[in-house]
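Coordinate inspection notes
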Amino acid sequence: MGTQQSKQSPDEKIRRDTIAAIATPSGRGGIGVIRVSGPDSLEIARAISNKEPEPRIAHYRKFHNPEGMEIDNGILIYYPGPHSYTGEDVIELQGHGGPVVLGMLIKAVCSL
């Protein structure tokens, strides 16, 4: 008798992933927003800001890449699941809206 492996549905796999996306339109803008949703959200918030965020509080923070270089500064908000709009842990980073800064920030988030 072989061992039976449990099969994961695509929905179960997706729910364990952490995803990130730029939530503002492309182009120039005063404010750019990046949303991160999933089980690694809180750890990403800690790594990006070098501090522990309190839930549902808008924190003014410096945002850093994994090497410690400051990318931008702005607002970080942490929404713990299941009381978020996705039901998962969510962070929102609100920084400057230029495409270069947002590109650097999303790259840092994805590398974490």
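What this report covers is the structure whose coordinates are included nearby. (Residues numbered from 1 in each chain as written. Predicted model: local features only at pLDDT ≥ 70, side-chain atom pairs only at ≥ 80, totals over all residues. Heavy atoms only, no water.)

Remarks on unusual backbone geometry
The linkage connecting Gly 81 with the following residue, Pro 82, adopts the cis geometry, with an omega of 5°. With respect to the helices, strands and loops of the structure, Pro 82 is situated in the loop between β4 (70-79) and β5 (90-96). Positive phi is not limited to glycine here, since Asn 50 has a value of about 60°. Within the secondary structure, Asn 50 sits in the loop between α2 (41-49) and β3 (59-64). Taking the relative accessible area as the measure of exposure, Asn 50 reaches 53% and is therefore exposed. (Helix = DSSP H or I, 4+ residues; strand = E, 2+ residues; numbered from the N terminus. Buried < 20%, exposed > 50% of the residue type's maximum accessible area, 1.4 Å probe, protein only.)

Points about the sheet that holds strand β2 (residues 31-37)
Spatially, the five strands line up as an open sheet ordered β1-β2-β5-β4-β3, and their pairing is antiparallel. Lying at the two open borders of the sheet, with one neighbouring strand each, are β1 (19-22) and β3. Each strand axis lies, on average, 30° off the axis of its neighbour in the sheet, ignoring direction. Across the face of the sheet, α2 comes into contact with β2, β3, β4 and β5 while running at roughly 80° to β3. Lying on the sheet, helix α3 (residues 99-111) is in contact with β1, β2, β3, β4 and β5; it crosses β2 at an angle near 15°. (Pairing = 2+ DSSP bridges. Axes fitted to C-alpha atoms, helices over the stretch in contact; angles between N-to-C directions. Contact = heavy atoms within 4.5 Å.)

Focus on the pattern of salt bridges
Opposite charge on two side chains permits pairing when their charged atoms draw close. Per the counting criterion, the structure on display carries four salt bridges. Linking Glu 43 and Arg 46 is a salt bridge whose minimum nitrogen-to-oxygen distance equals 3.1 Å. With Glu 43 and Arg 46 both in helix α2 and three residues apart, this pair spans about one turn of that helix. Residue Glu 43 is classed as partly exposed on the basis of its relative accessible area, which comes to 48%. (Salt bridge = Lys/Arg side-chain N within 4 Å of Asp/Glu carboxyl O.)

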